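Take a look at the letters that make up each chain.
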Amino acid sequence: MTGNMHQMNSELFMDLQSAKEVFWGNPSLDPKSTMSGIQEIVDAERRLERFAPYLKKVFPETVDGIIESPIKYIGNMQRTLEDYNKSKIQGQIILKCDHELPIAGSIKARGGIYEVLKIAERIAIKQNWIDEKDDYSKLESKRIRECYSRYSIAVGSTGNLGLSIGIMGAAIGFQVTVHMSRDAKRWKKDLLRGKGVKVVEHEQDFSHAVAEGRKQSLSDPNCFFIDDENSKDLFMGYSVAAMRLREQFRKKGIIVDENHPLIVYLPCGVGGGPGGVTYGLKHVFGEHVHCYFAEPVHSPCMLLGLSTGRHEEISVQEIGLSNRTEADGLAVGRSSALAGKMIERLLNGVFTVTDETLFKLLALLHSSESIALEPSALAGMIGPVLPPVQEHLTSLQVDVTHATHLVWATGGNLVPASIMDEYVKKGKGYLG
Ligand SMILES: *Cc1c(COP(=O)(O)O)cnc(C)c1O
């Protein structure tokens, strides 16, 4: 094992193994790396635009059929964090409110829905139901939904990806089966069953649930498997967020340049969501954007995969960690090789947080801003006051005096009120 830890010093490795909060700076970061692949992001953005008339009709809660979330200054939380950590934050914190994303209430409304729509479009064009220039709202018809019901979609999930794919897939007319890992919350399974989605519960973790979904799709030629461990489509769906963010910044007059760096803190599970967003942001903002991932101390799969260079070939269980966390969205023991390889030169670093930290941050955000997030979505929130992150930026000669700290809030709007109350209570308990 230690032979594979060549890139990680042994002190960091021991802390990682003992489930302590750690920081890892990425030695492979190439701040000026030249980017290709913008066309794939633009293609994904255009596909979502083609579907906007359909989404507008089926999900009127979207803004003209576009699935996007606002950005928000959280000055009260910024002061609360400064008090909590007894330190000053240079620059300003902004919250990216993906918990407010329509349809699925989490960041999975980006990648998951995008991949379902891409599958639906491919079938519809092949069957001559539409061509690319048509108004896609005509896909919303009883006849076409019946036609789609001859196809099925399978996915493995810890909860939120299942929600997004189940809700979208069922609306189109697909037969959807979601293989849920042991982490998945009861209410997420109930919600899906209520929409006619087949939910299969597994006693094992995420990797097992994904493997079961893959197995099911192999025996059925009309079944599409959405592979969260290896999907370029999911990844590109997430990356579109960057194009939208550029427009939101322009409207609010937020500048990103050498004197106004953008520091982004993203909760990471298998890596597709934060990876796709990072990939997009690097295309849009280049060397002036700095991305950090945040993982639970018991599920640091991306930190482990990147630091060893072994990506999906190593699991957190292999170094003695449990992959047990209340942050169900991040309960992943083995990272996506695709995501890891796409970002290995783009990512600044990874830090880990305990569940206790997540719940404290949840309660602090709730009391200071009246914003309710699920535990996973708080992982990045500590970033702006984390000394090793700020030291790392200094070592890269990033001047944070006028920085924008963008904390990516990845989910929470569908959490039932009674469960949210328990989360807040638990966080307050930790705070004392
Ligand atoms: C899935 C999820 C993430 C992380 O996305 P990955 O693609 O698994 O890395 C973060 N937060 C929430 C709430 C999620 O559901």
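Residues numbered from 1 in each chain as written. Predicted model: local features only at pLDDT ≥ 70, side-chain atom pairs only at ≥ 80, totals over all residues. Heavy atoms only, no water.

### So, helix α9 (residues 232-252)
The test is simple: Elements are defined by DSSP. Helices are runs of H or I of four residues or more, strands are runs of E of two residues or more, and each kind is numbered from the N terminus. Under the convention used throughout, the expected extent of a helix is 1.5 Å for every residue step, that is, one less than its residue count. The buried label applies to any residue whose accessible area, calculated with a 1.4 Å probe on protein chains only, is under 20% of its type's maximum; exposed applies above 50%, and partly exposed to all values in between.
Along its 21 residues, α9 runs 31 Å from first to last C-alpha, staying within 8% of the 30 Å computed at 1.5 Å per residue. Of all 21 residues in α9, 15 are buried, a share of seventy percent or more. At the exit of α9 stands G253, carrying a positive phi of roughly 70°.

### Regarding the domain arrangement of the protein
To be explicit about the condition: An automatic or database domain assignment is the source of the domain bounds shown. In this description, contact between two residues means that some pair of their heavy atoms is separated by no more than 4.5 Å. Take the accessible area each of two parts loses on contact, using a 1.4 Å probe, and add the two losses: that sum is the buried area. Counted as salt bridges are all cases of a side-chain nitrogen of Lys or Arg within 4 Å of a carboxyl oxygen of Asp or Glu. In protein, a polar contact means a hydrogen-donor-capable atom and an acceptor-capable atom, both N or O and within 3.5 Å, with residues adjacent in sequence counting only if both atoms are side-chain atoms; elsewhere, any N or O pair within 3.5 Å suffices. Polar here means any residue other than Ala, Val, Leu, Ile, Met, Phe, Trp, Tyr, Cys and Pro, which are nonpolar, and Asp, Glu, Lys and Arg, which are charged; Gly is therefore polar.
According to the domain assignment, the protein consists of domain 1 (12-40 + 47-104 + 233-431) and domain 2 (107-230). Placing the centre of domain 1 and that of domain 2 at their C-alpha centroids yields a distance of 25 Å. At the interface, 50 residues of domain 1 touch 42 residues of domain 2. Of the roughly 4200 Å² buried at the junction of domain 1 and domain 2 (both faces included), carbon and sulfur atoms supply 61%. The largest contributions to the domain 1 side of the interface with domain 2 come from F51, Y54 and L234, which together make up 17% of the buried area. Our count for the contact surface shared by domain 1 and domain 2 stands at nine salt bridges. A salt bridge links K118 to D233, with the nearest nitrogen and oxygen atoms 2.9 Å apart. Between domain 1 and domain 2 we count 19 residue pairs in polar contact (both at pLDDT 80 or more) in total. For the side of domain 1 that touches domain 2, the secondary-structure elements that each account for two or more residues are α2 (38-58), α9, α10 (272-285), α12 (337-343) and α15 (417-431). Among the elements that line the side of domain 1 that touches domain 2, the one with the most residues is α2, at nine residues. The residue makeup of the side of domain 1 that touches domain 2, split by class, is 27 nonpolar, ten polar and 13 charged.

### Some points on the site of the ligand
As a reminder, the rule being used: Throughout, near means a residue has at least one heavy atom within 4 Å of the molecule or strand. Here, Shrake-Rupley sampling with a 1.4 Å probe gives the accessible areas, and only protein chains in the shown set may cover a residue. Grid points spaced at 1 Å over the protein atoms alone were grouped into cavities, where a 1.4 Å probe fits but cannot get out, and pockets, open sets with protein on both sides within 12 Å along at least five of seven lines, with lining residues defined by an atom within 4 Å of a point. Criterion for pocket placement: a molecule counts as inside a cavity or pocket if more than half of its atoms are within 2 Å of its grid points.
K108, N160, G271, G273 and T410 are the nearest of the 15 residues found near the ligand. Interatomic distance of 3.0 Å between a backbone N/O atom of V270 and an oxygen atom of the ligand. At 2.7 Å, a backbone N or O of G273 approaches an oxygen atom of the ligand. Within the complex, the protein chains bury 98% of what would otherwise be the 380 Å² of accessible surface of the ligand. For the ligand, the cavity whose grid points lie within 2 Å of the majority of its atoms is the largest cavity. Among the elements that make up the shell around the ligand, the one with the highest residue count is α10 (three residues).

### A short note on the sheet that holds strand β1 (residues 23-25)
To be explicit about the condition: DSSP calls a pair of strands paired once it identifies at least 2 bridges connecting them. Axes here mean lines fitted to C-alpha atoms, for a helix over just the part in contact, with angles spanning 0 to 180 degrees between N-to-C directions.
On the basis of which strands lie adjacent, the open sheet formed by seven strands has the order β1-β10-β9-β8-β11-β3-β2 and mixed pairing. Edge positions in the open sheet fall to β1 and β2 (71-73), since each of these has one partner strand only. Averaged over all pairs of adjacent strands, the angle between strand axes in this sheet comes to 25°, irrespective of strand direction. Sheet topology places strand β8 (residues 262-267) next to strand β11 (residues 404-409); four bridges connect them, and they run parallel. Across the sheet, I263 pairs through a bridge with H405, a residue of β11.

### Considerations on the nonpolar core
Our working definition: As used here, the term nonpolar core means buried Ala, Val, Leu, Ile, Met, Phe, Trp, Tyr and Cys residues forming a set that is joined through side-chain atoms within 4.5 Å.
Core analysis: the largest hydrophobic core is formed by 149 residues, its most contacted members being Y148, F174, L281, F351 and M381. Ranked by residue count, the leading element in this core is α9, at ten residues. Residues lining this core come from more than one domain, with at least three contributed by each of domain 1 (12-40 + 47-104 + 233-431) and domain 2 (107-230).

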